[in-house]
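# Survey of secondary and tertiary structure
Residues per chain are reported as follows:
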Amino acid sequence: ARYYREVLPGEIVKISRHDVQTLDVVRRPEGDPSAFCIFEYVYFARPDSIFEGQMVYSVRRRCGQQLAIEAPVEADLVSTVPESATPAALGYAQKCGLPYVEVLCKNRYVGRTFIQPNMRLRQLGVAKKFGVLSDNFKGKRVVIIDDSIVRGNTISPIIKLLRESGAKEVHIRVASPPIRFPCYMGINIPTKEELIANRPEFHDLANYIGADSVVYLSVEGLVSSVQESIKARQDNSPKTQKSFIGKLGHCTACLTGNYPVQLEW
C-alpha cells in the first residue's frame, strides 16, 4: 500500500473503486484542542505508522534522546526490551554516546504475555519469551530502555535473567511517564489498584523489581518529544492551513488524570 494521507478527526471518508471522498468533517467545539492518544506513540502503534504527519519510530527515538537528557547514568552499554522500545534505546544511546548492544533475543514462538490471566503466568511467559546474549554484556553495566512499566510484573524476570547471566549492574530507564489513571476512551488499561505507580512498592521501585536504578521520562518530556516536529511544521505552514489544523493537543489522561472530556457517571 502507498501512504496517502491521514483521516482527520471527525472526518467521514467514502472510499470506492472510483475515488476517495470526504463526505463531512465534524468540527470540534471552537477553542478545544485536539486530544490524540499520546500512548499510541509510546506503545500501541506500529513504528512505521504515521500520525499527525510524523512517523511513530521518529517520535520514539526522540523520547529516548529526551530520556538521556533527563536521566543519564554511568554505564557501559544501552539495550532494549525488544521490540517496541528499540527506537527509544537507539535515541538514548546516541545522546549519551554509549554503544547500543542487543542483550536479549525474542523467542518468536511465544505469544503475548500481558494478556495472560494472572501474574504468575505472565512472569513464566516472560521467562520463556526471551533468550540472553550473555557474551554481549557479561561483567558490564547495562542500561535497559523499556517503553512503559504498567504492572511491574514483566520487567522483574528480565532483570533477574540479566543478573544471572553476568550483568554487573542493571539500570532501567522508561521512555514514558508512570501510568496512574484508567482510560475511559477505549484503551484497556488495568484498574487503578493494579498499576504499579499507585502501589506502595512504587516508592522503592528499583528494589522491588531488582534494578540498580529506575527513572521514567517526565510528562513534559514526552509531550515535547511528540509535539516537536508538529510545531515546527505548523510554524512553517500557511495561515489558512494553521486555522484548519486547530489547536495542538494530546490526551495524557492515563498519566495526569486530566481527561479531555468531562466524565459522566
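Higher on the page you've got the structure.
This section reports on the structure supplied with the text. Along each chain, numbering runs from 1 in the same order as the chain's sequence is written. In view of the model being predicted, local features appear only for residues whose pLDDT reaches at least 70, and side-chain atom pairs are presented and counted only at 80 or more, with totals across whole chains, interfaces and linings using the full set of residues. Hydrogens and water are ignored here; the side-chain numbers use all heavy atoms of the structure.

## Thoughts on the pattern of salt bridges
Salt bridges, as used here, are contacts in which a Lys or Arg side-chain nitrogen is within 4 Å of a carboxyl oxygen on Asp or Glu. This model, assessed by the stated rule, comprises seven salt bridges. For the salt bridge of Arg 141 with Asp 76, the shortest nitrogen-to-oxygen distance reads 3.1 Å. In this pair, Arg 141 is assigned in strand β9 (residues 141–146) and Asp 76 in the loop between α2 (56–70) and β6 (77–80), connecting sequence segments 65 residues apart. Buried residues are those whose accessible area, probed at 1.4 Å on protein chains only, stays under 20% of the maximum for their type, while exposed residues exceed 50% and partly exposed ones sit between those limits. Note on Arg 141: relative accessible area 22%, which makes it partly exposed. The shortest N-O distance in the salt bridge between Arg 199 and Glu 201 comes to 3.5 Å. The helix count covers DSSP runs of H or I at least four residues long, the strand count covers runs of E at least two residues long, and both are numbered beginning at the N terminus.

## Topic: the packing of α2 against helix α7 (residues 219–235)
Lines are fitted to the C-alpha atoms to define the axes, a helix being fitted only along its stretch in contact, and any angle between axes, read from their N-to-C directions, falls within 0 to 180 degrees. Taken N-terminus to C-terminus, the directions of α2 and α7 make an angle of 135 degrees; their axes are 9 Å apart at the nearest point. When the axes of α2 and α7 are compared, the pair comes out oblique. Judged by the sense of rotation from one axis to the other, the crossing of α2 with α7 is right-handed. Seen from α2, the contacting residues are Val 59, Arg 62, Cys 63, Gln 66 and Glu 70; seen from α7, they are Gly 221, Leu 222, Ser 225, Val 226, Glu 228 and Ser 229. Basically, the charged four are Asp, Glu, Lys and Arg, the nonpolar ten are Ala, Val, Leu, Ile, Met, Phe, Trp, Tyr, Cys and Pro, and anything else, Gly included, counts as polar. For the contact of α2 with α7, the residue count by class is four nonpolar, four polar and three charged. For classification, angles of less than 35 degrees are called roughly parallel, those exceeding 145 degrees roughly antiparallel, those between 65 and 115 degrees roughly perpendicular, and all remaining angles oblique. By definition, turning the near helix anticlockwise from the far helix through less than a right angle yields a left-handed crossing, and turning it clockwise yields a right-handed one. Contact criterion: two residues are considered in contact whenever any of their non-hydrogen atoms come within 4.5 Å of each other.

## Side note on helix α3 (residues 86–96)
All of the buried residues in α3 are Thr 86, Pro 87, Ala 88, Ala 89, Gly 91, Tyr 92 and Ala 93. Next to the buried residues of α3 lie α2, β6, β9 and β10 (169–174). Backbone geometry just after α3 places Gly 97 at a positive phi near 75 degrees.

## Re the packing of aromatic side chains
Geometry of aromatic contacts follows a simple scheme: Phe, Tyr and Trp rings, the Trp one being its six-membered ring, pair when their centres are within 6.5 Å, and the pair is stacked under 30 degrees between planes, edge-to-face over 60, tilted otherwise. Within this structure, the stated rule accounts for seven aromatic pairs. Each ring, one from Phe 36 and one from Phe 51, has its centre 4.9 Å from the other, and the planes form 50 degrees; the classification is tilted. Of this pair, Phe 36 sits in strand β3 (residues 36–37) while Phe 51 sits in strand β4 (residues 50–51), and the two are 15 residues apart along the sequence. Through a chain of ring-to-ring contacts, the aromatic side chains of Phe 36, Tyr 41 and Phe 51 assemble into a single cluster.

## Comments concerning the environment of Glu 70
Mapping Glu 70 onto the fold places it in helix α2. The exposure class of Glu 70 is partly exposed, given its relative accessible area of 31%. As for Glu 70 and Leu 217, which are separated by 147 residues in sequence, their C-alpha atoms are 7.2 Å apart. Aside from chain neighbours lying at most four places away, what touches Glu 70 is Tyr 216, Leu 217, Ser 218 and Gly 221.

## Here's the deal with α2
Taking 1.5 Å of rise per residue, 15 residues should cover 21 Å, and α2 covers 21 Å from first to last C-alpha, within 8% of that figure. Taken together, the buried positions of α2 are occupied by Val 56, Val 59, Arg 60, Arg 62, Cys 63, Gly 64, Leu 67 and Ala 68. A helix is expected to reach a length of 1.5 Å times the quantity of its residues less one.

## Some remarks on the nonpolar core
In a soluble, globular protein the nonpolar side chains are often hidden away together inside. Put simply, a nonpolar core is a bunch of buried Ala, Val, Leu, Ile, Met, Phe, Trp, Tyr and Cys residues held in one set by side-chain atoms that sit within 4.5 Å of each other. Grouped together as the largest cluster of nonpolar side chains are 31 residues, with contacts concentrated most on Tyr 41, Leu 67, Val 78, Tyr 92, Ile 145, Ile 179 and Leu 222. Mapped onto this core, the elements with two or more residues apiece are α1 (38–44), α2, α3, β9, α7 and α9 (253–256). Filtering out sequence-adjacent residues up to four positions away, Val 78 remains in contact with Ala 89, Tyr 92, Ala 93, Leu 98, Pro 99, Tyr 100, Val 101, Val 143 and Ile 145. Membership of the second largest hydrophobic core comes to 24 residues, among which are Ile 144, Ile 159, Ala 197 and Ala 211.

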